[in-house]
Amino acid sequence: MEKKKEIVMSGIRPTGFLHLGNYFGAIRNYVKMQEEFECFFMVADLHSLTTHPDTKELKANVHRVLAENIACGLDPDKVAFYCQSHIHETAELYLYLNMMAYKGELEKTTTFKDKVRQNPENVNAGLLTYPVLQTADIILHRAKYVPVGKDQEQHLEMARTFANRFNHRYGDVFPEPQAFNYNQSLVKVPSLDGAGKMSKSENQMATLYLADNDDMIRKKVMKAKTDSGPTEKNTPKPDYIENIFLLMSLVCTPETIQRFEEDYNSCTIRYGDLKKQLAEDMVNFIAPIRNKVDAILQDEEGLKQIMQKGAEKANKSAAETMKQVRQAMGLNYF
Ligand code: TRP
């Protein structure tokens, strides 16, 4: 008999415009997981309402997240790729879990405190219970693994707390969700200005987006920080040069990298040539993804079908869990 696959769940905020860091840091992880696990990947459109009550751009943002992830290799035939708002059981489980989540522990959450500071005039209850909604997303599918970055560790810890609290109070329904990543393959993609990683919020000229056009990619790469080159043979590289070689390792051939390594070690390197080569290899890497994204976005009917199919799979799993939840809670009166 075929072994039942373990369940993986993760949510992606519809903030649009993925960059190279998201690709090598997160999406590649998802694409690998879809082969080994039963995956539920969700666009967290409801979570975005906690900070962005204006929904004018929500639809376009949701479409973009779907298109970008699919263009990067996420396969809606292999995984359940769905929108949070299409799964109504999420709201029901969220309500039950809210009865077990204490104001004190929610107020202590780092992300809550950050958001209160950033936006003191909109401290709504949804913001406070953000981790409860996230818990509902995860345990609704009785997921065991949650591929997320470091910034989500506290939320995941709370998900474990709430799941255990439910089990303790009403009986064992939920496994304890754990963080998951393929450690070795998680690459931190450095930004082009030599400071930190590529990021949505910081220096946009130092971040390569999957939506950047060819000229923009070239322009950004050519502006990457370098210097006049080493003066002594075989000297260690300064950080910002290390970073450029790391970017090369993502998209250039081994021969190209070796050639520039040798030039560096013999002090004959010309950073202008290196950046031109890197820019062309980046264009060759990003352009096909960008074109795929555009094609997917053009096909609204296709997007609708993808969302429907995802919702169908997620709803099936949600219905099974909620039957157990209502039973465990004693809410089955007939
Ligand atoms: N809070 C997550 C983020 O900001 C998004 C998210 C929502 C999520 N629901 C989730 C992540 C469930 C993992 C599991 O990125």
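Keep in mind that this is a model prediction, so the values were computed, not measured.

In this section: the site of the ligand. The full set close to the ligand counts 14 residues, and Arg13, Tyr130, Gln134, Asp137 and Gln152 are the nearest of them. Taking Gln134, its side chain carries an N or O atom lying 2.9 Å from a nitrogen atom of the ligand. A distance of 3.1 Å is found between a nitrogen atom of the ligand and a side-chain nitrogen or oxygen belonging to Gln152. Alone, the ligand offers 360 Å² of accessible surface; in the complex the protein occludes 94% of this. Where the shell around the ligand is concerned, the elements lending two or more residues are strand E1 (7-12) and helix H8 (130-139).

A separate point is the packing of aromatic side chains. Applying the stated criterion to the full structure yields 10 aromatic pairs. Judged by centre distance (5.4 Å) and plane angle (80 degrees), the ring pair of Tyr23 and Phe285 falls under edge-to-face. In this pair, Tyr23 sits in helix H1 (residues 20-36) while Phe285 sits in helix H13 (residues 271-298), placing the two residues 262 residues apart along the sequence. For the ring pair Tyr30 and Phe41, a centre distance of 4.5 Å and an interplane angle of 35 degrees mean the geometry is tilted. One end of the pair, Tyr30, is in helix H1; the other, Phe41, is in strand E2 (residues 38-43), with 11 residues separating them in the sequence. Of the residues examined, Tyr30 reaches a relative accessible area of 7% and is grouped as buried. Each residue in the set Tyr23, Phe24 and Phe285 is aromatic and connected to the rest through ring pairs, giving one cluster. The ring of Tyr240 carries Lys225 above its face, with NZ or CZ at 4.5 Å from the centroid. The ring of Phe245 carries the charged tip of Lys237 above its face, separated from the ring centre by 4.5 Å.

As a general feature of sheets, a regular strand has side chains that alternate between the two faces. With burial as the criterion, each face of strand E3 (residues 80-83) is covered, one bearing Ala80 and Tyr82 and the other bearing Phe81 and Cys83. The sheet contact formed by E2 and E3 spans 4 bridges and is parallel. Its bridge partner being in E3, Met42 is matched across the sheet by Tyr82.

This part takes up the pattern of salt bridges. Side chains that differ in charge, positive against negative, can pair when their charged atoms come close. Taken as a whole and judged by the stated rule, the model has 18 salt bridges. Put simply, Arg218 and Asp215 hold a salt bridge, and the shortest N to O gap is 3.2 Å. Taken together, the residues Arg218 and Asp215, both in helix H10 (residues 214-222) and 3 residues apart, mark about one turn of the helix. Residue class for Arg218 comes out partly exposed when judged on its relative accessible area of 28%.

For Arg142, which is not glycine, the phi dihedral falls at a positive 50 degrees. The phi angle at Asn234 is positive, at roughly 55 degrees, despite the residue not being glycine. Mapped onto the elements of the fold, Asn234 is located in the loop between H10 and helix H11 (239-251).

Calculation notes
Residues numbered from 1 in each chain as written. Predicted model: local features only at pLDDT ≥ 70, side-chain atom pairs only at ≥ 80, totals over all residues. Heavy atoms only, no water. Near = heavy atom within 4 Å. Polar contact = N/O pair within 3.5 Å; in protein donor to acceptor, adjacent residues only side chain to side chain. Areas by Shrake-Rupley, 256 points an atom, 1.4 Å probe, with all protein chains shown as cover. Helix = DSSP H or I, 4+ residues; strand = E, 2+ residues; numbered from the N terminus. Phe/Tyr/Trp six-rings, centres within 6.5 Å; stacked < 30°, edge-to-face > 60°. Buried < 20%, exposed > 50% of the residue type's maximum accessible area, 1.4 Å probe, protein only. Lys NZ or Arg CZ within 6 Å of the ring centre and 35° of its normal. Pairing = 2+ DSSP bridges. Salt bridge = Lys/Arg side-chain N within 4 Å of Asp/Glu carboxyl O.

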